Amino acid sequence: MRALVVVGLLAVLALVFVVVALVRDTQGGTGLAGGCPEGWPLADVTLREPKDVKINVLNGTDQPGLAANVADDFRNRKFQVKKEGNEKKQVDDVAVLRYGPKGVGSAHLLRAYFLDNAEYDYDANRKDDTVDVVLGNAFQQLATTTEVNQSLGDLGSPVAPPGSCPMPEDG
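Just so it is clear, the structure is predicted and the values come from calculations on it, not from any experiment.

**Q** What is the right way to look at the pairing of strand S3 (residues 80-86) in this model?
**A** Within a regular strand, side chains alternate between the sheet's two faces. Relative to S3, strand S2 (residues 54-59) is paired through six bridges, and the arrangement is parallel. Paired with asparagine 59 across the two strands is asparagine 86, which belongs to S3. Note on the crossover from S2 through helix H2 (residues 66-76) to S3: the handedness is right-handed.

**Q** Just checking my understanding: could you explain the sheet that holds strand S4 (residues 95-99) for this structure?
**A** Two orientations exist for strands paired in a sheet by backbone hydrogen bonds: parallel and antiparallel. On the basis of which strands lie adjacent, the open sheet formed by five strands has the order S3-S2-S6-S4-S5 and mixed pairing. Looking at the sheet topology across the chains shown, the edges are occupied by S3 and strand S5 (119-122). Adjacent strand axes in the sheet meet at a mean angle of 20 degrees, parallel and antiparallel pairs treated alike. Packed on one face of the sheet, helix H3 (residues 104-113) meets S2, S4, S5 and strand S6 (131-135) and runs near 165 degrees to S4.

**Q** Help me understand the packing of aromatic side chains in this model?
**A** In this description, an aromatic ring pair is defined by two values, namely the gap between the centres and the angle between the planes. Following the criterion strictly, the structure yields six aromatic pairs and no others. Within the aromatic cluster, the residues linked to one another by ring pairs are Phe74, Phe79, Tyr113, Phe114 and Phe139.

**Q** Looking at this model, I keep getting lost on the state of the cysteines. Mind explaining?
**A** By definition, a disulfide links two cysteine residues through a covalent bond between their sulfur atoms. The final tally for this structure, using the stated rule, is one disulfide. Bridging cysteine 36 to cysteine 165, the disulfide has an S-S length of 2.2 Å. Residues cysteine 36 and cysteine 165 are joined by a disulfide whose S-S torsion is about 95 degrees; by sign, that bridge is right-handed. Placement of cysteine 36 in the loop between helix H1 (2-24) and strand S1 (42-43) and of cysteine 165 in strand S7 (residues 165-166) is noted, with a sequence separation of 129 residues between them. The buried category is assigned to cysteine 36, whose relative accessible area is 18%.

**Q** Got a minute to help me understand the environment of lysine 51 in this structure?
**A** Mapping lysine 51 onto the fold places it in the loop between S1 and S2. In sequence terms lysine 51 and glutamine 80 are 29 residues apart; their C-alpha atoms lie 6.4 Å from each other. Among the polar contacts made by the side chain of lysine 51, one reaches the side chain of aspartate 52 at a distance of 3.4 Å.

Rules of the game
- Residues numbered from 1 in each chain as written.
- Predicted model: local features only at pLDDT ≥ 70, side-chain atom pairs only at ≥ 80, totals over all residues.
- Heavy atoms only, no water.
- Pairing = 2+ DSSP bridges.
- Helix = DSSP H or I, 4+ residues; strand = E, 2+ residues; numbered from the N terminus.
- Right-handed = clockwise from strand over helix to strand, strands pointing away.
- Axes fitted to C-alpha atoms, helices over the stretch in contact; angles between N-to-C directions.
- Contact = heavy atoms within 4.5 Å.
- Phe/Tyr/Trp six-rings, centres within 6.5 Å; stacked < 30°, edge-to-face > 60°.
- Disulfide = S-S within 2.5 Å.
- Buried < 20%, exposed > 50% of the residue type's maximum accessible area, 1.4 Å probe, protein only.
- Polar contact = N/O pair within 3.5 Å; in protein donor to acceptor, adjacent residues only side chain to side chain.

Here it is as structure tokens:
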């Protein structure tokens, strides 16, 4: 009889412990826009496939034809190249990725094509889902498929930029 009381008491204590743990869980709303401050943009953190990514390829160097060549390379990898052209200012980095809240997942994928060596230019006010890829003087070539896959593994999942919240998943 005494053993039954002890087991019952342990069961009640375990239940109390679980309830307290659930109530105090600070990760319950992580990743959801429910706790997003008013006015913050919702970032689309869905990792896209190349066929679903829209880009503009811009040449930030004095190397003629670079944007056209790299745009063709992106097209061969199934990206939607919307336009190509020249950037007004020279870029010394490998590349600069310019995007808004709707382009977060797309920009994350593109990071892997530059082996995470591109600079990021997030604009919370940008309304489209297109990413501007500005090629710089340090650019040599896009990563191979194997390098992209390894880089994506290293990068992990897309996250909402500071000052934004992850968009709730559909469904």
